[in-house]
Amino acid sequence: WLATNTSSTGINKTQIDKNKIEIFCCHKNLVVKNNSSEEIFLNVFDLLGNKVFENALLKNSQNKNYSLNFLKNGIYIVKATGNQTNKTQKIIIAE
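Residues numbered from 1 in each chain as written. Predicted model: local features only at pLDDT ≥ 70, side-chain atom pairs only at ≥ 80, totals over all residues. Heavy atoms only, no water.

### As for the nonpolar core
Operational definition: What is meant by a nonpolar core is a set of buried Ala, Val, Leu, Ile, Met, Phe, Trp, Tyr and Cys residues, joined one to another through side-chain atoms within 4.5 Å. For each residue, the accessible area found with a 1.4 Å probe, counting protein chains only, is set against the maximum for its type, and the residue is called buried under 20%, exposed over 50%, and partly exposed in between. Runs of H or I in DSSP of at least four residues are treated as helices and runs of E of at least two as strands, each being numbered from the N terminus. Whether two residues are in contact is decided by their heavy atoms, any of which lying within 4.5 Å being enough.
Counting 17 residues, the largest nonpolar core has Ile23, Leu30, Val32, Leu42 and Ile91 as its most contacted members. Residue assignment for this core shows that the elements contributing at least two residues are β1 (21–26), β2 (29–34), β3 (40–46), β4 (51–57), β6 (74–81) and β7 (86–93). Among residues more than four places away in sequence, those in contact with leucine 42 are Leu30, Val32, Phe53, Glu54, Asn55, Tyr66, Val78, Lys79 and Ala80.

In structure tokens form, the structure reads like this:
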């Protein structure tokens, strides 16, 4: 069961928070932008659930680029978490 707060506009607060974190991958570079007002912890997992990368993003940070050259080509899960913000996204690492 999942409870969410919906404002009078009908917009889900969780949805707004997820949009404050932008994540994408270009070749073997992970690009993350934190538009939220809180520090975000970033973790990357392989499909077996092993943590392969971790870092912290300061609030309202500009685009941060992280080299993932040490990872093999494949599918990974990026999880960005904060006190009130959570986002999970699949990325594909390819040369």
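### Remarks on the pairing of β7
The criterion, for reference: The pairing criterion for strands is at least two bridges between them, as found by DSSP.
Direction of pairing for β6 relative to β7: antiparallel, over a ladder of eight bridges. Directly across from glycine 74, in β7, lies its bridge partner isoleucine 93. Remark: four residues form the turn of the hairpin made by β6 and β7, two consecutive strands paired antiparallel.

### Thoughts on unusual backbone geometry
Despite not being glycine, histidine 27 shows a phi value in the positive range, around 60°. On the secondary structure map, histidine 27 appears in the loop between β1 and β2. Since its relative accessible area comes to 53%, histidine 27 is described here as exposed.

### Looking at the sheet that holds β4
To be explicit about the condition: Axes here mean lines fitted to C-alpha atoms, for a helix over just the part in contact, with angles spanning 0 to 180 degrees between N-to-C directions.
Strand order in the open sheet formed by four strands is β4-β3-β6-β7, and the pairing between neighbours is antiparallel. The outermost strands of the open sheet, each flanked by one partner alone, are β4 and β7. Averaged over all pairs of adjacent strands, the angle between strand axes in this sheet comes to 20°, irrespective of strand direction.

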